[in-house]
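# Structural description and commentary
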Amino acid sequence: MAAASVVRAAGRRSRRLFDIFVADVPWTVSSKELKEYFSQFGSVQRCQLPFDKDTGFHRRYCWIKFSTPQDVQNVFQKDSHILEGAKLTLKQQPRRRRSQRKNQSE
């Protein structure tokens, strides 16, 4: 039980390193398609689309990591993002400074 809580806590910490949280992702959209879509705004380093172990479907949300803060700003300059007819909900994740990350690891 303790090991599971450590893994969950590590997952929460790693998600803070992502730039954008995306909700309302259609069931039919894959992480590859999300990465391709967001690449029009800049260089996408990573797209994390979690799956439900019981159903085998993704959980309809993901995190996107861009190479530069300017890429993130490019995403938010567009009013709405629509994939396969569904409007995505985006939220910018606060970007932590290296000093904050270093202090938490000590």
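Residues numbered from 1 in each chain as written. Predicted model: local features only at pLDDT ≥ 70, side-chain atom pairs only at ≥ 80, totals over all residues. Heavy atoms only, no water.

The name given to the protein chain in an unreviewed UniProt entry is SLIRP protein, and the organism recorded there is Pelecanoides urinatrix.

### What to know about helix α2 (residues 31-38)
When we look at burial in α2, the residues that qualify are Leu34, Tyr37 and Phe38. Along the long axis of α2, the arc covered by the buried residues comes to 90°, so they all point the same way. Summarising the geometry of α2, the exposed residues directed more than 90 degrees from the buried face are Lys32 and Glu36. (Buried < 20%, exposed > 50% of the residue type's maximum accessible area, 1.4 Å probe, protein only. Helix = DSSP H or I, 4+ residues; strand = E, 2+ residues; numbered from the N terminus. Arc of directions from axis to C-beta.)

### A closer look at the packing of aromatic side chains
Across all of its chains, the model carries seven aromatic pairs by this definition. Summarising the aromatic geometry, the rings of tryptophan 27 and phenylalanine 57 are spaced 5.7 Å apart at their centres and angled 70° between planes, so their arrangement reads as edge-to-face. Here tryptophan 27 is found in the loop between β1 (20-23) and α2, whereas its partner phenylalanine 57 is found in the loop between β2 (44-48) and β3 (61-66), with 30 residues between them in sequence. Tryptophan 27 sits in the partly exposed class, given a relative accessible area of 48%. (Phe/Tyr/Trp six-rings, centres within 6.5 Å; stacked < 30°, edge-to-face > 60°.)

### Re the sheet that holds β3
Spatially, β2-β3-β1-β5-β4 is the arrangement adopted by the five strands of the open sheet, whose pairing is antiparallel. Of all the strands in the sheet, just β2 and β4 (81-83) have a single pairing partner and so form its edges. Shown here is a sheet whose adjacent strand axes are inclined to one another by a mean of 30°, direction ignored. Running at roughly 145° to β2, α2 makes contact with β1, β2, β3, β4 and β5 (86-92) of the sheet. Packing of helix α3 (residues 69-77) onto the sheet brings it into contact with β1, β3, β4 and β5, and relative to β5 it is tilted by some 140°. (Pairing = 2+ DSSP bridges. Axes fitted to C-alpha atoms, helices over the stretch in contact; angles between N-to-C directions. Contact = heavy atoms within 4.5 Å.)

### Some remarks on unusual backbone geometry
Even without being glycine, aspartate 24 reaches a positive phi, approximately 65°. By relative accessible area, aspartate 24 is classed as partly exposed at 36%. One non-glycine residue, glutamate 84, lies in positive phi territory at about 50°. If you trace the backbone, glutamate 84 turns up in the loop between β4 and β5.

### Some thoughts on the pattern of salt bridges
This model, assessed by the stated rule, comprises one salt bridge. Here aspartate 19 ties to lysine 65 by a salt bridge, and the two come within 4.0 Å at their closest N and O atoms. Placement of aspartate 19 in the loop between α1 (2-15) and β1 and of lysine 65 in strand β3 is noted, with a sequence separation of 46 residues between them. Each of the two residues, aspartate 19 as well as lysine 65, counts as buried. (Salt bridge = Lys/Arg side-chain N within 4 Å of Asp/Glu carboxyl O.)

### A word on the side chain of aspartate 71
Secondary-structure assignment places aspartate 71 in helix α3. Sequence-distant contacts of aspartate 71, that is, excluding residues within four places in its chain, are made with Phe41, Gly42, Ser43 and Phe66.

### A word on the pairing of β5
Sheet analysis places β1 next to β5, joined by four bridges and oriented antiparallel. Directly across from phenylalanine 21, in β5, lies its bridge partner lysine 91.

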